[in-house]
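Chain by chain, the residues:
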Amino acid sequence: MNSMAPVISLSETVSERATVNGMNERDYEIMLQAMQTIHRRSKGLLEFVENYRKLTRIPIPVVSFFTVRSFFESLSALLPEEAAITYDIYPAGLQLKGDRGLLEQVVINLVKNAVEATPEGAKPAISLSACRKEGRVVISVTDKGTGIIPEALDKVFVPFYTTKSGGSGIGLSICRQIMNRHGGSISIQSKPDQGTTISLLFPPDRVGL
């Protein structure tokens, strides 16, 4: 990280100075192409290292009990405004024991993915639900987007695997690691052109009264 940042800065500086000071047109073209290549690859490496660091630095959860309703309500200000999001909680006073900040990161990432999966021109319609099932808390994010092909379903949690142009491929991997840190799991159900449901399953010792 410390090595790549100066390389990016130097490539920008050299390109700018060459433009200002002028030089032989052919030499300038060669130099500019070289600087652009250095800049592009340096940025790519920097982004790769930063993403890898995110995967390896998931903090240990600082847990406390909170109501799922208050959790959903606090999320509403952080979620994309363009999405139509509905909430369903049963029972109404359902409580969860976890690291609220880390779990917010998980749900925000899942909602962001759901928005991006919405067909172009359509308004994102997303459902957030929470329930107690067989002594566990299950939080689900459901969309009506483009869905995921069966061949990709087994790979979506693999670090750096992505089906999105420009995607980093670490979002769902981080979500899974956060859930592992809570002793839980994450699962996905999806059908092409029908939508996707991603569920967060928490162990019984994370369930409040």
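Scroll up a little and you will see the structure.
Peer 1: Would you mind showing me how to read helix 4 (residues 100-116) here?
Peer 2: The α-helix advances 3.6 residues per turn, and as a result positions three or four apart in sequence lie on the same side. Compared with the 24 Å implied by 1.5 Å per residue over 17 residues, the 24 Å span of helix 4 between its first and last C-alpha is a close match. Every buried residue belonging to helix 4 is among Leu102, Leu103, Glu104, Val106, Val107, Asn109, Leu110, Val111, Ala114 and Val115, and all of these are buried.

Peer 1: Just to check I follow, could you spell out the packing of helix 3 (residues 68-75) against helix 4 for this structure?
Peer 2: The packing of two helices is summarised by the inter-axis angle and the distance between the axes. Two numbers describe how helix 3 lies on helix 4: the axes approach to 11 Å, and their chain directions differ by 60°. Compared by their axis directions, helix 3 and helix 4 come out oblique. Classified by chirality, the crossing of helix 4 by helix 3 is right-handed. In contact with Ser70, Phe71, Ser74 and Leu75 of helix 3, helix 4 contributes Arg100, Leu103, Glu104, Val107 and Ile108. Considering only residue class, the contact of helix 3 with helix 4 consists of five nonpolar, two polar and two charged.

Peer 1: What should I look at first to understand the sheet that holds strand 4 (residues 125-133) in this one?
Peer 2: Strands belonging to one sheet form pairs held by backbone hydrogen bonds; the direction of such a pair is parallel or antiparallel. On the basis of which strands lie adjacent, the open sheet formed by five strands has the order 2-4-5-7-6 and mixed pairing. Every other strand in the sheet has two partners, leaving strand 2 (84-90) and strand 6 (185-191) as the edge strands with one partner each. Geometrically, the sheet is characterised by an average inter-axis angle of 15° between neighbouring strands, direction not taken into account. Those strands touched by helix 3 are strand 2, strand 4 and strand 5 (136-143), and its axis lies near 170° from that of strand 2.

Peer 1: Would you take a moment to explain the side chain of Ser199 for this structure?
Peer 2: If you trace the backbone, Ser199 turns up in strand 7 (residues 195-202). In this structure, Ser199 is in contact with Val138, Ile139, Ser140, Ser185, Ile186 and Ser187, ignoring residues within four places of it in sequence.

Peer 1: Any chance you could explain the pairing of strand 3 (residues 95-98) here in plain terms?
Peer 2: As a general feature of sheets, a regular strand has side chains that alternate between the two faces. Of the two faces of strand 3, the one lined by Leu96 and Gly98 is fully buried and the one lined by Gln95 and Lys97 carries no buried residue. Pairing analysis gives four bridges linking strand 1 (residues 64-67) to strand 3, with the strands arranged antiparallel. By the bridge assignment for strand 3, Thr67 is matched with Gln95.

Peer 1: Explanation requested: the packing of helix 4 against helix 6 (residues 171-181) in the structure shown.
Peer 2: Between helix 4 and helix 6, the shortest axis-to-axis distance is 10 Å and the interhelical angle comes to 150°. The angle between helix 4 and helix 6 falls in the class roughly antiparallel. Relative to helix 6, the crossing made by helix 4 is left-handed. On the side of helix 4, the interface is formed by Leu102, Leu103, Gln105, Val106, Asn109, Leu110 and Asn113, while helix 6 contributes Gly171, Leu172, Ile174, Cys175, Ile178 and Met179. The residue inventory of the contact of helix 4 with helix 6, partitioned by class, reads nine nonpolar, four polar and no charged.

Peer 1: Please explain the packing of aromatic side chains as it appears in this structure.
Peer 2: For any pair of aromatic rings, geometry is given as the distance between the ring centres together with the angle between the planes. All told, the structure shown has three aromatic pairs when counted by the stated rule. Taken together, a centroid distance of 5.5 Å and an interplanar angle of 40° make the contact between Phe66 and Phe71 tilted. No difference in accessibility class separates Phe66 from Phe71, as the two residues are buried. By the ring-pair criterion, three or more aromatic residues cluster together here, those being Phe66, Phe71, Phe72 and Tyr87.

Cut-offs used in this document
- Counting restarts for each chain, with residues numbered from 1 along the sequence as it is written.
- Local features in a predicted model are, by the rule used here, given only for residues with pLDDT of at least 70; side-chain atom pairs are given and counted only at 80 or more, and totals for whole chains, interfaces and linings are based on all residues.
- Excluded from the side-chain calculations are hydrogens and water; all other atoms, namely the structure's heavy atoms, are used.
- A run of DSSP states H or I qualifies as a helix once it reaches four residues; a run of E qualifies as a strand once it reaches two. Both are numbered from the N-terminal end.
- What a helix should span is 1.5 Å times the count of its residues minus one.
- Working definition: with a 1.4 Å probe on protein chains only, accessible area under 20% of the residue-type maximum means buried, over 50% means exposed, and in between means partly exposed.
- Here the axes come from fitting lines to C-alpha atoms, over the contacting stretch only for helices, and the angles between their N-to-C directions go from 0 to 180 degrees.
- For classification purposes, an angle smaller than 35 degrees is called roughly parallel, one larger than 145 roughly antiparallel, one from 65 to 115 roughly perpendicular, and anything else oblique.
- Two helices that cross are described as forming a left-handed crossing if the nearer one is turned anticlockwise from the farther one by less than a right angle, and a right-handed crossing if clockwise.
- Only heavy atoms enter the contact rule, under which two residues are in contact if any of them lie within 4.5 Å.
- For this classification, Asp, Glu, Lys and Arg are treated as charged, while Ala, Val, Leu, Ile, Met, Phe, Trp, Tyr, Cys and Pro are nonpolar and the rest, including Gly, are polar.
- Between any two strands, pairing holds if DSSP finds at least two bridges.
- Here a Phe, Tyr or Trp ring, Trp counted by its six-membered ring, pairs with any other such ring whose centre lies within 6.5 Å, and the pair is stacked when the planes are under 30 degrees apart, edge-to-face when over 60, and tilted otherwise.

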